[in-house]
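Listed below are the residues making up each chain.
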2 protein chains.
Amino acid sequence: MTSNSAASINGKENSLQAQTPAAELSTLLAGDMDNVNALIISEMQSDVALIPKLAGYLIAAGGKRVRPLLTLASASLFSKNIESSYGLAAAVEFIHTATLLHDDVVDGSEERRGQKAANLIFGNDTSVLVGDFLFSRAFQLMVKSGSIDVLRILSNASAVIAEGEVLQLQTQGDLSTNAQTYYKVIAAKTAELFAAACEIGPVIADKQEHAAAMRSYGYNLGMAFQIADDVLDYQGNSKDLGKNTGDDFHDHKVTLPVILAFEEGTEDEKEFWRRCFEKEDIHKGDLEHAYDLIQKYDTCSKALQIARNFSSEAKEALSAIETDTSILKTLENLPDYLVSRSS
Amino acid sequence: MTSNSAASINGKENSLQAQTPAAELSTLLAGDMDNVNALIISEMQSDVALIPKLAGYLIAAGGKRVRPLLTLASASLFSKNIESSYGLAAAVEFIHTATLLHDDVVDGSEERRGQKAANLIFGNDTSVLVGDFLFSRAFQLMVKSGSIDVLRILSNASAVIAEGEVLQLQTQGDLSTNAQTYYKVIAAKTAELFAAACEIGPVIADKQEHAAAMRSYGYNLGMAFQIADDVLDYQGNSKDLGKNTGDDFHDHKVTLPVILAFEEGTEDEKEFWRRCFEKEDIHKGDLEHAYDLIQKYDTCSKALQIARNFSSEAKEALSAIETDTSILKTLENLPDYLVSRSS
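All values derive from a computational prediction rather than experimental measurement.

Scanning chain A for helices and strands turns up 17 helices and two strands. For 343 residues, the compact-globule estimate of 2.2 N^0.38 gives 20 Å, and chain A sits close to it at 20 Å. Projecting the C-alpha coordinates of chain A onto the three principal axes gives extents of approximately 60 × 50 × 40 Å. Taking contacts inside chain A between residues at least 6 apart in sequence as the whole, the part at least 24 apart equals 73%.

This part covers the interface of chain B and chain A. Across the boundary between the two partners, chain B contributes 35 residues, which contact 35 residues of chain A. Broken down by secondary-structure element, the contributors of at least two residues to the side of chain B that touches chain A are helix 4 (50-60), helix 6 (86-107), helix 8 (124-145) and helix 9 (148-171) of chain B. Ranked by residue count, the leading element in the side of chain B that touches chain A is helix 9 of chain B, at 14 residues. Among the residues making up the side of chain B that touches chain A, the classes are represented as 19 nonpolar, ten polar and six charged.

Glancing now at the relation of the copies chain B and chain A. Under the fitted operation, chain B is carried onto chain A by 0.0 Å of movement along the axis and a turn of 180°, and the coordinates agree to an RMSD of 0.0 Å. Taken together, the turn and the small shift mark the pair as related by a two-fold rotation axis. Taking the C-alpha atom as reference, chain B places Ile-148 of chain B closest to the rotation axis, 3.3 Å from it. Mapped onto chain A, 100% of the interface residues of chain B are again interface residues, and the two copies thus contact each other with one and the same surface.

In this structure, Ala-224 of chain A together with Ala-224 of chain B are the most contacted members of the largest nonpolar core, which totals 229 residues. Sequence-distant contacts of Ala-224 of chain A, defined by excluding residues within four places in its chain, comprise Ala-307, Phe-310, Ser-311, Ala-314, Pro-335, Leu-338 and Val-339 of chain A.

Another aspect to go through is the environment of Val-150 of chain B. Residues and elements named next belong to chain B. Looking at the secondary structure, you find Val-150 in helix 9. Owing to 23 C-beta atoms within 10 Å, Val-150 belongs among the buried residues under this scheme. Sequence spacing of Val-150 and Ile-294 is 144 residues, and the spatial spacing of their C-alpha atoms is 42 Å.

Each value, and the rule that gives it
Residues numbered from 1 in each chain as written. Chains lettered and ligands numbered in written order. Predicted model: local features only at pLDDT ≥ 70, side-chain atom pairs only at ≥ 80, totals over all residues. Helix = DSSP H or I, 4+ residues; strand = E, 2+ residues; numbered from the N terminus. Rg over C-alpha atoms; globule rule 2.2 N^0.38 Å. Contact = placed C-beta atoms within 7 Å. Nonpolar A, V, L, I, M, F, W, Y, C, P; charged D, E, K, R; others polar. Least-squares fit on C-alpha atoms with pLDDT ≥ 70 in both. Core = buried A, V, L, I, M, F, W, Y, C linked by C-beta atoms within 7 Å. Buried ≥ 20, exposed ≤ 12 C-beta atoms within 10 Å, placed from the backbone.

If you want it as structure tokens, here you go:
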């Protein structure tokens, strides 16, 4: 990384060349990600035509590929043989894609990655089964890596993710969900796979002594990312970031800005939140009223402060890694950037 | 096994003590299966209450546990340390259970194992997610076994099963499905997991030289089993075997008795099959007419003859195994018994 690009990451320049840490990571690992993307395409093939058709629909729509990027980035910190992590980066993306497919069936989502959700085009049944295929394919890719430790990390992560999804379903529309339960859900749904992706790097390089630090980095990064994402959902100006503001409100997903506003609310306000989330009785103007209440108690700022704490933990975890590469510096800047998208 | 029970298996006695080979296998491995059942219960636990609730509902309903029994039986042929296969027997059952949960969502089934299908009680969303959990748990159990070869066998099997499910969805209600495509579907949906369950035994005992024979046994057993099962679905007298006659007809699943009757049918008869399967326009009396046509061309008998060929292949595969145990003898008798249920 040149000093110039380092400056852009730190946001000290406002030139056209300025890159966010996320974009910087993509640039630094562009060649490797091309190989991973090619692998993703070739591994989703099947004689059964519906499989590449549906998988291709979702995968071609893009997505940020944050998880495979983290897998590659972490691998690059501990080994020059980054090729050996390609299959695992693809496996991590397949687990994520399978989760998205099943998520959209469960949520009855209408949109994903800026296009119609796959289940609305191919049907819920196909989405369920192709998700199962991608999930199995992920394990086949892990087996090829030959590391039982990686298989342990990712099978644990998969079980935790599924538990988190069920817990989210259990707590949906339930305003007795407190912040602790919310953290548990997002830890399972989001932070766990970030943690696993980052933990793989030292493990396949046989540098187990760094596994806990990298896991902690990924976990805290994931927590910061998800809280910031949930805040974005209540920020009217976030359309251009690819989020549909108000989705969580309409899906009755109890997230941190709402939990904090409900806790501080008057009895009338609590009644309003209960009507929208528990009785699922939402009228025109309710989303705007929710915005007002969230602003009244400043709960987006409060949530972001909590996200910043996770962000600090993530950076702190990296301090144990004694290497001095552009990628490490970019990883250090990434958590604050993810939180700053919402502030 | 006493000579008395051997006689019962061979069907030469008709005493109250007479046992089918399936029951005989359960008896011979009863202690081990108790341990596997205990493991199944303990491994489906989770802090997220809905998971053991739904999984318990399906698992408590029983089922024949054919696949874990085969896993134990195969392991017992090659090692005295059968305990090391308990976790894998549970993993195989979890993969099967996850598949059933997703199957029922896809098929909109109303009944499973003689009770209301889980998705009708807990919702499709919970069934999808708990299926994902059980699937992940299966991989965690395999990781505990520490064998990358077993992980390869079962991750391949899982991918093949998912492909088979999608292929079945693609061919549903499509009468251009020929016997070859039908074999492909049942090979993937059923025979693959039977094959994997049987292959595990020699692999974990480090007797790879017997892996192909045991895999072939399981595969051909699975094919014979599924064809016989599909025949049962068109045999009016099979209520007492726990099958709901006519299910496949009403679900527009194109199985061997129908494929053969369609191929031999007159143009009028072909039109009848097309109306029922392709246009999904089924009237009162149609199932009975389907029975008549199947009887006219004797396609149940023809399908059973094909099942018997697979059954012979299964027995032939076992001839390479040089051990002389009761379990081996029972495994030899099992394929013919599974086919004879329908004849």
